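# Breakdown of the fold
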Amino acid sequence: MKVQFWQIYILLVLMDIVIGSFDLAQYRVVTKPLILISLLTYFAISGKRLPKSTYYIMLLALLFSLMGDIFLLFDERSNTFFILGLVSFLLAHITYGTVFLKKRNKKLPFFLYGVMMLLIGIGMLLFFYINDSLGDLTYPVMVYVLGILFMAITALLRVGKVRPSSFLWVFVGALFFIASDSILAINMFKFEIPFSNVLIMGTYATAQYLIVSGIVRENEPIKNLSTL
């Protein structure tokens, strides 16, 4: 039986979730980066049919994400690591958004402007909810929220310009990213959420996989899509 990438990916994510749930931080230094390393390797091989600019910007976004994962492993030691992780993921969102803008639809259906406003409203609500607990991190977190909203809105702009499956995978991935960061922010700054590690890593890993697979689907022949 042929092993497919998604099976390896799920195994790596589950391994990290189990280790994280038992607070074995010393092993997460290996298991957490492996998630993005595997995804980066998968995209490096599967994304070669994409235009070169899209291909290399996506690799850069995944590299920024990997850096963010590594920095956030040490955020309890110093706020500096948290800031570095925040900046890394901000750069990842900007580079993802740059890729999404390449396929933007300049004539959006009217109702999608409502979806756009809803996304902005969710971002604002989250920021104002945690704002009183941010202290010196107020402005960095504000900029980060703008960055992830940029990524989600540019994902929405691809509607009608790429095959429906590519649009759907990327946009749903962006929503999972918002969910993951929202859970992380609330857990860090407001109150401890039960099973937060499972929720954060589950939604985060799903977000990254959907975005990468959705971009691969832009130019992937239909006969090859079933193996993603």
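Residues numbered from 1 in each chain as written. Predicted model: local features only at pLDDT ≥ 70, side-chain atom pairs only at ≥ 80, totals over all residues. Heavy atoms only, no water.

### What about the layout of surface pockets?
Applied cut-off: With a 1 Å grid spanning the protein atoms alone, the term cavity applies to any set of points in which a 1.4 Å probe fits but cannot get out, the term pocket to an open set with protein on both sides within 12 Å along at least five of seven lines, and the term lining residue to any residue with an atom within 4 Å of a point. Grid points are joined across faces, edges and corners, and a volume is the space filled by probe spheres set on the points. Secondary structure follows DSSP: runs of H or I at least 4 residues long count as helices, runs of E at least 2 residues long count as strands, and numbering of each begins at the N terminus. The residue classification treats Ala, Val, Leu, Ile, Met, Phe, Trp, Tyr, Cys and Pro as nonpolar and Asp, Glu, Lys and Arg as charged. All others, Gly included, are polar.
Taken as a whole, the largest pocket encloses approximately 1,200 Å³ of empty space. Around the largest pocket, the lining comprises 46 residues; the ones closest to its centre are Arg28, Leu72, Asp75, Leu184 and Ile200. At the level of elements, helix H2 (25-46), helix H3 (52-72), helix H4 (79-101), helix H5 (111-130), helix H6 (138-156), helix H7 (164-189) and helix H8 (196-216) are the ones that each hand at least two residues to the lining of the largest pocket. When residues in the lining of the largest pocket are grouped by element, the largest group, 10 residues, is from H7. Looking at the lining of the largest pocket, its residues break down into 28 nonpolar, 9 polar and 9 charged.

### A closer look at the packing of H4 against H8
Using the following cut-off: Here an angle of 0 to 180 degrees is reported between the N-to-C directions of two axes, which are lines fitted to C-alpha atoms, with helices fitted over the stretch in contact. Put simply, angles under 35 degrees are roughly parallel, angles over 145 are roughly antiparallel, angles from 65 to 115 are roughly perpendicular, and the rest are oblique. Each crossing gets its hand from how the near helix is turned against the far one by less than a right angle, where anticlockwise is left-handed and clockwise is right-handed. Here a residue-residue contact requires only that any non-hydrogen atoms of the pair lie within 4.5 Å.
Where H4 meets H8, the closest approach of the two axes is 12 Å, and the angle between their N-to-C directions is 30 degrees. Judged on the interaxial angle alone, H8 and H4 are roughly parallel. The hand of the H4/H8 crossing is left-handed. Contacts between H4 and H8 involve Phe89, Tyr96, Val99 and Phe100 from the first element and Tyr204, Gln208, Ile211, Val212 and Ile215 from the second.

### Focus on the nonpolar core
Let me state the cut-off plainly: Grouping buried Ala, Val, Leu, Ile, Met, Phe, Trp, Tyr and Cys residues that are joined through side-chain atoms within 4.5 Å yields what is termed a nonpolar core. We call a residue buried when its accessible area falls under 20% of the maximum for its residue type, exposed when it is over 50%, and partly exposed in between, using a 1.4 Å probe and counting protein chains only.
Grouped together as the largest cluster of nonpolar side chains are 69 residues, with contacts concentrated most on Phe43, Tyr96, Phe100, Phe177 and Val212. Elements with a contribution of two residues or more to this core: helix H1 (5-21), H2, H3, H4, H5, H6, H7 and H8. When residues in this core are grouped by element, the largest group, 11 residues, is from H8. The contacts of Phe100, once residues within four sequence positions are left out, are Met151, Thr154, Ala155, Arg158, Val170, Ile211 and Ile215.

### Quick word on the side chain of Asp16
Mapped onto the elements, Asp16 comes out in helix H1. According to the relative accessible area criterion, Asp16 is buried, its value standing at 0%. Residues within four places of Asp16 in sequence aside, it is in contact with Arg28, Thr31, Lys32, Ile35, Asn197 and Met201.

### Remarks on H1
Quick reminder of the rule: Expected span of a helix, by definition, is 1.5 Å for each gap between consecutive residues, and there is one gap fewer than residues.
The end-to-end C-alpha separation of H1 is 24 Å, in line with the 24 Å expected for 17 residues at 1.5 Å each. Buried within H1 are the following residues: Phe5, Tyr9, Leu12, Val13, Asp16, Ile17, Ile19 and Gly20. Taken from the residues just after H1, Asp23 is the one with a positive phi, measuring 55 degrees.

### Regarding unusual backbone geometry
Even without glycine at this site, Phe195 takes up a positive phi of about 55 degrees. Relative to the elements of secondary structure, Phe195 occurs in the loop between H7 and H8.

### Remarks on a positive patch on the surface
Cut-off, in case you're wondering: Surface patches are drawn from residues lacking salt bridges whose relative accessible area is over 30%; two like charges belong together within 9 Å, two nonpolar side chains (Val, Leu, Ile, Met, Phe, Trp, Tyr) within 5 Å. Each accessible area is a Shrake-Rupley result for a 1.4 Å probe, and residues are judged covered by the shown protein chains and nothing else. Here, a salt bridge means any side-chain nitrogen of Lys or Arg that lies within 4 Å of a carboxyl oxygen of Asp or Glu. Two residue types count as positive, namely Lys and Arg, and two as negative, namely Asp and Glu; His and chain ends fall outside the count. Throughout, a charge is located at the NZ atom of Lys, the CZ atom of Arg, the CG atom of Asp or the CD atom of Glu.
Taken together, the side chains of Lys103, Arg104, Lys106 and Lys161 make up a positively charged region of the molecular surface. Secondary-structure assignment places Arg104 in the loop between H4 and H5.

Any functional reading would require information that these geometric values do not contain.
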